[in-house]
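# Chain and residue survey
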Amino acid sequence: MFLAINDIKEIAVKMTEAIGVEYTSYKFSFFRRRLSKIFDDLHINKVQDFYTMLADKKSADNIAYRMLVADTEMFRDPSMWRHLRKLLTDKPEPKIWLPVLTNGYELFSLLVILKQANIANARIVVNCESKQAIEGLQSVIIPAKVQEVNISNFERLEVTNDSIDNYVVSTTDGYAFKTDMLANVEFRNRWFMNEAADKYDLIIARNAMINYDSQLQERVIKRLSESIERNTILCIGVKEQLLYKIPNLNTKNAADGLYVKELIV
Amino acid sequence: MSDYKAVVIGGSAGSFSLMLKMLAGIKSDFKLPIILCMHRLKHVRSGIAESMQIKSKLPIIEPMDKQRIEPGAVYLAPANYHMFIELDGTVSLSTEEMNFFCRPSIDYTLSSCAAAYREKLVGIILTGANADGAKGLKDIADKKGYTIVQDPATAEVDTMPKSALAVMTPNEVLKPEGIIAFLNNL
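Residues numbered from 1 in each chain as written. Chains lettered and ligands numbered in written order. Predicted model: local features only at pLDDT ≥ 70, side-chain atom pairs only at ≥ 80, totals over all residues.

### A short note on the overall build of chain B
Selection criterion: Think of it this way: any DSSP run of H or I at least four residues long counts as a helix, any run of E at least two long counts as a strand, and we number them from the N terminus. Working definition of burial: number of other C-beta atoms within 10 Å of the residue's own, with buried at 20 or more, exposed at 12 or fewer, and partly exposed in between, all C-beta atoms being placed from the backbone. Whether two residues are in contact is decided by their C-beta atoms, placed from the backbone, lying within 7 Å.
Scanning chain B for helices and strands turns up 6 helices and 9 strands. With respect to the three principal axes, the spread of C-alpha positions in chain B is 35 × 35 × 30 Å. Split into buried and exposed, the 186 residues of chain B put 53% on the buried side. The contacts of chain B with a sequence gap of at least 6 include a subset with a gap of at least 24, amounting to 72%.

### Things to note about the confidence of the model for chain B
Any segment with low pLDDT has predicted coordinates that should not be analysed in fine detail. We apply this condition: Confidence per residue, as judged by the predictor, is encoded in pLDDT with a range of 0 to 100.
The share of residues in chain B with pLDDT of 70 or more is 99%, and the mean pLDDT across the chain is 95. Note on the complex model: pTM 0.93, ipTM 0.91.

### Some points on the sheet that holds strand S1 (residues 95–98) of chain A
Residues and elements named next belong to chain A. The cut-off we apply is this: Should DSSP find at least two bridges between two strands, the strands are regarded as paired. Here an axis means a line fitted to C-alpha atoms, over the contact stretch when the element is a helix, while the angle between two N-to-C directions is reported on a 0 to 180 degree scale.
Read from one edge of the open sheet, 7 strands run S6-S2-S1-S7-S8-S10-S9, paired in mixed fashion. Edge positions in the sheet fall to strand S6 (185–188) and strand S9 (249–253), since each of these pairs with one other strand and no more. Strand-to-strand twist across the sheet, computed as the mean angle between neighbouring axes with direction ignored, equals 20°.

### A look at the domain arrangement of chain A
Residue and element names in this part refer to chain A. What counts, and what does not: Residue ranges assigned to the domains are those given by an automatic or database domain assignment. Charged residues are taken to be Asp, Glu, Lys and Arg, nonpolar residues to be Ala, Val, Leu, Ile, Met, Phe, Trp, Tyr, Cys and Pro, and polar residues to be all remaining types, Gly included.
Domain assignment breaks chain A into domain 1 (5–67) and domain 2 (78–261). Domain 1 and domain 2 are separated by 26 Å when their C-alpha centres are compared. Opposite the 12 residues of domain 1 that make contact, domain 2 presents 14 residues. Grouping the amino acids of the side of domain 1 that touches domain 2 by side-chain chemistry returns 6 nonpolar, 3 polar and 3 charged.

### Topic: the pairing of strand S6 (residues 91–94) of chain B
Residue and element names in this part refer to chain B. Burial along S6 is two-sided: the face carrying Val91 and Leu93 and the face carrying Ser92 and Ser94 are both buried. As judged from the 4 bridges shared by strand S5 (residues 82–85) and S6, these two strands associate in the antiparallel manner. By the bridge assignment, Ile85 is partnered in S6 with Val91. Between S5 and S6, which follow one another and run antiparallel, lie 5 residues, and Gly89 among them has a positive phi close to 80°.

### Thoughts on the environment of Asn118(A)
Residue and element names in this part refer to chain A. The topology assignment puts Asn118 in the loop between helix H6 (105–116) and strand S2 (123–127). With 9 C-beta atoms packed within 10 Å, Asn118 lands in the exposed category. Residues Asn118 and Pro92, 26 residues apart in the sequence, show an inter-C-alpha distance of 8.3 Å.

### A few points about the interface of chain B and chain A
Taken residue by residue, the interface counts 16 residues in chain B and 17 residues in chain A. No other element matches S6(B), which puts 3 residues into the side of chain B that touches chain A. For the side of chain B that touches chain A, the residue count by class is 6 nonpolar, 5 polar and 5 charged.

### Topic: the environment of Ala64(A)
Residues and elements named next belong to chain A. By the secondary structure assignment, Ala64 is in helix H4 (residues 57–67). A tally of 24 C-beta atoms within 10 Å means that Ala64 is categorised as buried. Apart from the residues within four sequence positions on either side, Ala64 is in contact with Ile19, Val21, Glu129 and Ser130.

### Some details on the nonpolar core
Applied cut-off: Structurally, a nonpolar core is described as a collection of buried Ala, Val, Leu, Ile, Met, Phe, Trp, Tyr and Cys residues joined by way of C-beta atoms within 7 Å.
With 118 residues, the main nonpolar core has Ile203(A), Val7(B), Leu36(B) and Cys113(B) as its most contacted residues. Taken domain by domain, the makeup of this core includes at least three residues from each of domain 1 (5–67) and domain 2 (78–261) of chain A. For Ile203(A), the residues in contact, after removing those within four places along its chain, are Trp97(A), Leu224(A), Ser227(A), Ile228(A), Thr232(A), Leu234(A) and Cys235(A).

### Description of unusual backbone geometry
Look at the link from Arg103(B) to Pro104(B): it is a cis peptide, with omega at 15°. Positionally, Pro104(B) belongs in the loop between S6 and helix H3 (106–117). Even without glycine at this site, Asn118(A) takes up a positive phi of about 60°. Its identity is not glycine, yet Arg118(B) carries a phi of approximately 50°, on the positive side.

Spelled out as structure tokens, the structure:
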């Protein structure tokens, strides 16, 4: 369905009010593409029908869920995960924040890395505006084709005494994560920008800010900086820029999007 | 001085060696930005731009998100990201769903360039093994941009140029040498 610019802008305002995520500050082109996909996938032919959905809490949550860009593989950028695993060896009980959850591939990748680093006492906080996304983690099905990619990426983690089979079970439709891995994970069903500031040892926020406009991206980085203290690791997408300079946050491995807050001299 | 503001090129199977040849042939004083979207292995992040840089007289850039497009440089879509060009001349990267099982998608890059540069764009489709890029090139033609398809007879894999020719009529069908000469005369 063709959506006029004014319709898109008005929808962004109403979605922001209904869902509590600042869609008005999403990159317009991204928001338009996402919205068009939602209209097509849900067979919505009138903007008014969309507003009716937004007024219903469960339907609004479904829209929030569909706005998320799902990861298409585990261990995306394997060298980043290898590097991160090394950095985590200095943090036996890390407090970790994933501000943006989509379909869980990123979260489960982290959980695997923690196992490989022999870290059993991590505390992980995950934010997601969609309840459906959080609940869906209990029953994520990994299609066999995707699992082939996951296995290839897993092999690039360069661990000889581990297998991806330790973390998934085979199902009739493909594979599923072993959900007992989620024991140390706390889920918070709200947009991360509405979260009270807390300090973390590791923040993983990859490839979310690319969907925001420059102003929101800058505010997000400032918000993340409030949760960063000495030796905190910040991990962003390999092609994302830090539009706001966080004092003493230094590149650890720019090619992998890894930064570490160094000692203030 | 050319009336065009940018050149966008899409290619897949067989296009890497062809691009090396084309980049080697493009003059060092080429003034327009060249926006390049090639299907590539998603886990191989380095090597391609570096190889191109050896041959190219123009700087090869794998842009960051929100980086501005500048004249006289080649912008290569990064591995595992879609690359869109915004109306303000900046790059938008995205991890959205794949198109034709590909990310970056040639359609997405070409269509966004069509919207950003309209009739001041040259769009080129090279050799490749699927239909990605055909719709994007049609979008460029629909906006009155100048369109070129590599002569399928010279393509290592002719699916991509033939798919483009099936949905639109380009301004020219050229052999690689002809494409290089066209670009150098802009």
